[in-house]
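Descriptive structure summary
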Amino acid sequence: MPDTKTGPRDALLLLGCPQVPIQTSVALYLASKLRKQGITTVITGNRAARTNIEVADPDRHYIGEVIDIDRCIAQLAEKKRDFHFCFSFIHNDAGLSYAATVNAISPAAQILIIFGEHYQEVAGSVEFPAEIIAVNAVHNPMPLKAKIDEVFPWVVSNL
Amino acid sequence: MGCLESMKHEIILRDASFKECREYILSHFPEHFVVLPGYKIFEKHLIGVPPLYIAIDGDDVIIPYTKPCYGTFLIRVPDPEMASELRQKKPK
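Here's a quick rundown of the structure.

**Observations regarding the pattern of salt bridges**
Residues and elements named next belong to chain A. Throughout the structure, instances matching the rule amount to 14 salt bridges over all chains. Arg50 is the partner of Asp68 in a salt bridge, and the nearest nitrogen-oxygen pair spans 3.2 Å. Of this pair, Asp68 sits in strand S3 (residues 65-68) while Arg50 sits in helix H2 (residues 47-56), placing them 18 residues apart in sequence. Judged by relative accessible area, Asp68 falls into the partly exposed class, the value being 28%.

**Comments concerning helix H2 (residues 80-89) of chain B**
The periodicity of an α-helix, 3.6 residues per turn, causes residues three or four places apart in sequence to face the same way. All names here are of chain B. By the burial criterion, the buried members of H2 are Met82, Ala83 and Leu86. Considered in projection along H2, the buried side chains sweep an arc of 100 degrees and stay on one side of the axis. Away from its buried face by more than 90 degrees, H2 exposes Glu81 and Gln88. Buried residues in H2 make contact with strand S2 (32-35), strand S3 (40-41), strand S5 (52-57) and strand S6 (60-67).

**Structural notes on the packing of helix H1 (residues 22-36) of chain A against H2(A)**
All names here are of chain A. Running from N to C, H1 and H2 point in directions that differ by 60 degrees, and their axes come no closer than 10 Å. As summarised for this structure, H1 and H2 are arranged oblique, according to the angle between their axes. The way H1 lies across H2 gives a crossing that is right-handed. Every residue of H2 that contacts H1 at Gln23, Thr24, Ala27 and Leu28 is listed here: Ala49, Asn52, Ile53 and Ala56. When its residues are assigned to classes, the contact of H1 with H2 shows five nonpolar, three polar and no charged.

**Considering the packing of aromatic side chains**
If you walk through the whole model with that rule in mind, you get three aromatic pairs over all chains. Ring plane angle 55 degrees and centroid distance 6.2 Å describe the contact between B:Tyr24 and B:Phe29, whose orientation is recorded as tilted. Overall, B:Tyr24 belongs to the partly exposed group, its relative accessible area being 24%. Here B:Phe29 falls in the buried class, since its relative accessible area comes to 5%. Stacked on the ring of A:Phe152, the Lys or Arg A:Lys33 has its end atom at 5.0 Å from the ring centre.

**Considerations on the sheet that holds strand S1 (residues 10-16) of chain B**
Residue and element names in this part refer to chain B. Read across the open sheet, the five strands follow the order S1-S7-S6-S5-S2; overall the sheet is antiparallel. Pairing within the sheet leaves two strands with one partner each, and these edge strands are S1 and S2. Averaged over all adjacent pairs, the angle separating strand axes in this sheet is 25 degrees, with direction ignored. Sheet analysis places S6 next to strand S7 (residues 71-78), joined by eight bridges and oriented antiparallel. Its bridge partner being in S7, Asp60 is matched across the sheet by Pro78. Its contacts with the sheet place helix H1 (residues 18-28) against S1, S2, S5, S6 and S7, and it is angled at close to 140 degrees to S1.

**Looking at the interface of chain B and chain A**
Taken together, the contacts link 21 residues of chain B with 19 residues of chain A. Approximately 1600 Å² of surface area, both sides summed, lies buried where chain B meets chain A, with 64% of it carried by carbon and sulfur atoms. Ranking the residues of chain B by area buried against chain A places B:His45, B:Ile47 and B:Pro68 at the top, with a combined share of 36%. Ionic pairing is found between B:Lys40 and A:Glu78, a salt bridge with its closest N-O pair at 3.7 Å. Summed over the shared surface of chain B and chain A, the result is six residue pairs in polar contact (both at pLDDT 80 or more). When residues of the side of chain B that touches chain A are traced back to their parent elements, those giving at least two are H1, strand S4 (44-45), S6 and S7 of chain B. Here the side of chain B that touches chain A takes three residues from H1(B), the largest share from any one element. When the residues that make up the side of chain B that touches chain A are grouped by side-chain class, the tally is nine nonpolar, seven polar and five charged.

Criteria and cut-off values
- Residues numbered from 1 in each chain as written.
- Chains lettered and ligands numbered in written order.
- Predicted model: local features only at pLDDT ≥ 70, side-chain atom pairs only at ≥ 80, totals over all residues.
- Heavy atoms only, no water.
- Salt bridge = Lys/Arg side-chain N within 4 Å of Asp/Glu carboxyl O.
- Helix = DSSP H or I, 4+ residues; strand = E, 2+ residues; numbered from the N terminus.
- Buried < 20%, exposed > 50% of the residue type's maximum accessible area, 1.4 Å probe, protein only.
- Arc of directions from axis to C-beta.
- Contact = heavy atoms within 4.5 Å.
- Axes fitted to C-alpha atoms, helices over the stretch in contact; angles between N-to-C directions.
- Parallel < 35°, antiparallel > 145°, perpendicular 65-115°, else oblique.
- Left-handed = near helix turned anticlockwise from the far one by under 90°.
- Nonpolar A, V, L, I, M, F, W, Y, C, P; charged D, E, K, R; others polar.
- Phe/Tyr/Trp six-rings, centres within 6.5 Å; stacked < 30°, edge-to-face > 60°.
- Lys NZ or Arg CZ within 6 Å of the ring centre and 35° of its normal.
- Pairing = 2+ DSSP bridges.
- Buried area = accessible area lost by both parts, 1.4 Å probe.
- Polar contact = N/O pair within 3.5 Å; in protein donor to acceptor, adjacent residues only side chain to side chain.

Rendered as C-alpha cells:
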C-alpha cells in the first residue's frame with residue numbers, strides 16, 4: 001500500500017449499486033457528519049447512484065464534488081489523486097471488488113459499510129485490512145445510522 | 001486497441017462473483033497472469049480482489065470486468081496484438 005496522504009483531511013465515499021434503499025440516505029448522513037468535522041468529501045458511484053445523491057441534495061447542503069466511478073478509479077490508479085479516508089458502501093460482491101481495488105491502489109484508511117440482506121456473507125469475504133461496519137439493514141437506515149454514530153468519533157480521530 | 005465497450009467481445013460468465021471468475025480462469029486457461037487491481041487494459045482499470053487473474057487463450061485475452069449493479073463478467077476479447085504484448089511483458 002502507498003504512503004499515507006498528508007494535508008487537509010478528505011474522504012472518498014464510494015457508492016455501490018443503489019438498489020438497496022438506505023444507501024443514499026446514509027451516504028448523505030455520513031457526508032454531513034464528515035463536513036461538520038472539517039473533512040472534505042468526494043462522492044463517487046455509477047450514474048444511478050450519483051443521480052440519487054444529487055437529486056436528494058439539490059442545493060448541495062451536504063455533498064461536495066461528485067464524480068464518475070471509472071474516472072475516480074483511474075485517478076487513484078494513476079496516482080493523480082488520493083484521500084485520507086475511503087468509506088465504501090457495500091451490499092454485494094461487486095461493491096467488495098471496488099473496495100478491494102481502492103485498498104490496493106490508495107493509502108486511504110479503509111472503512112467498509114456493509115449492509116443489505118447478505119451482510120454477513122459479504123463481511124465474511126473481506127480479505128484485506130479495513131474497519132468494518134456491518135449491519136442487517138435494507139429499508140430502515142436507523143440501525144446503520146446508530147452503528148456509524150457509535151464508531152464515527154473513533155474512526156475520524158484514530159485512522 | 002480500443003475501449004472495451006466498443007470492441008468485439010464474448011461473455012464467458014455473467015453476473016459472477018470475483019471468486020467464480022478467478023476459479024474459472026485457473027481451471028480453464030493454463031496461460032494466466034496475476035495483475036494488481038487497477039491494472040490498465042483496453043483503456044479500463046481492472047476492478048477486483050487480489051489475486052486478480054487475467055488469461056490468454058491463443059489470440060484472445062480473458063479478463064474480469066466488474067459493474068456495480070451487474071456483478072463481475074468474465075469476458076473474452078480477440079486481440080492478437082494485446083495477447084502478444086501480455087506474453088512478452090508478463091504483467092504484475
